[in-house]
Amino acid sequence: MAPAISTAVVFLEGLTILWLLWLTPALYGNSCDNDAYHRTFRLGLKLFGCGLVISLGLLVISWFLPWQRRRRGSRVVAAILAPVSFGCLYVLFNVLLTLS
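Described in the following lines is the structure provided in the data block. (Residues numbered from 1 in each chain as written. Predicted model: local features only at pLDDT ≥ 70, side-chain atom pairs only at ≥ 80, totals over all residues. Heavy atoms only, no water.)

### Quick look at helix α2 (residues 35-64)
Right, so step 1: Between its terminal C-alpha atoms α2 stretches 44 Å, which fits the 44 Å expected from 30 residues at 1.5 Å a residue.
Right, so step 2: Among the residues of α2, Tyr-37, Thr-40, Phe-41, Gly-44, Phe-48, Gly-51, Ser-55, Leu-58, Leu-59 and Ser-62 are the ones counted as buried. (Helix = DSSP H or I, 4+ residues; strand = E, 2+ residues; numbered from the N terminus. Expected span 1.5 Å × (residues − 1). Buried < 20%, exposed > 50% of the residue type's maximum accessible area, 1.4 Å probe, protein only.)

Below, the structure is given as structure tokens:
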């Protein structure tokens, strides 16, 4: 049950975060061509893309751990950490942009 709920949460959270990432240049950017901002934005997007592997890996682990009673705790922890790590990635992305 936990992997199914986590998958739904990650999907909805992913749609929301991708929409916010699409709006980020309009919110943080300025009208001038700021090369430092564009460099930081590209770096942030690359780091965010690499970090997605962690979230998706946790989601896959929560689905593919053996469905035995002794593995239930591990499955639940992986299912909880998948959306949490996805949200933390977005926060770190915005911190990186704000500090640049």
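### Looking at the environment of Gly-14
Right, so step 1: Tracing the backbone through its elements, the reader meets Gly-14 in helix α1 (residues 2-28).
Right, so step 2: The exposure class of Gly-14 is buried, given its relative accessible area of 8%.
Right, so step 3: In this structure, the C-alpha to C-alpha distance between Gly-14 and Thr-98, residues 84 residues apart in sequence, is 21 Å.

### Considering the nonpolar core
Right, so step 1: With 10 residues, the main nonpolar core is built from Ile-17, Leu-21, Tyr-37, Phe-41, Phe-48, Phe-86, Leu-89, Tyr-90, Phe-93 and Leu-97.
Right, so step 2: For this core, the elements supplying multiple residues, two or more each, are α1, α2 and α3 (72-99).
Right, so step 3: In terms of residue count, α3 provides more of this core than any other element does, five residues in total. (Core = buried A, V, L, I, M, F, W, Y, C linked by side-chain atoms within 4.5 Å.)

### A word on the packing of aromatic side chains
Right, so step 1: One pass over the structure, following the stated rule, counts two aromatic pairs.
Right, so step 2: On the basis of an interplanar angle of 40° and a centroid distance of 6.0 Å, the ring pair of Phe-48 and Phe-86 is categorised as tilted. Note that Phe-48 is positioned in helix α2 and Phe-86 in helix α3, a separation of 38 residues in sequence.
Right, so step 3: Residue class for Phe-86 comes out buried when judged on its relative accessible area of 7%.
Right, so step 4: What links up through ring pairs into an aromatic cluster is the set Phe-48, Phe-86 and Phe-93. (Phe/Tyr/Trp six-rings, centres within 6.5 Å; stacked < 30°, edge-to-face > 60°.)

No statement about biological role is implied by the geometric values presented.
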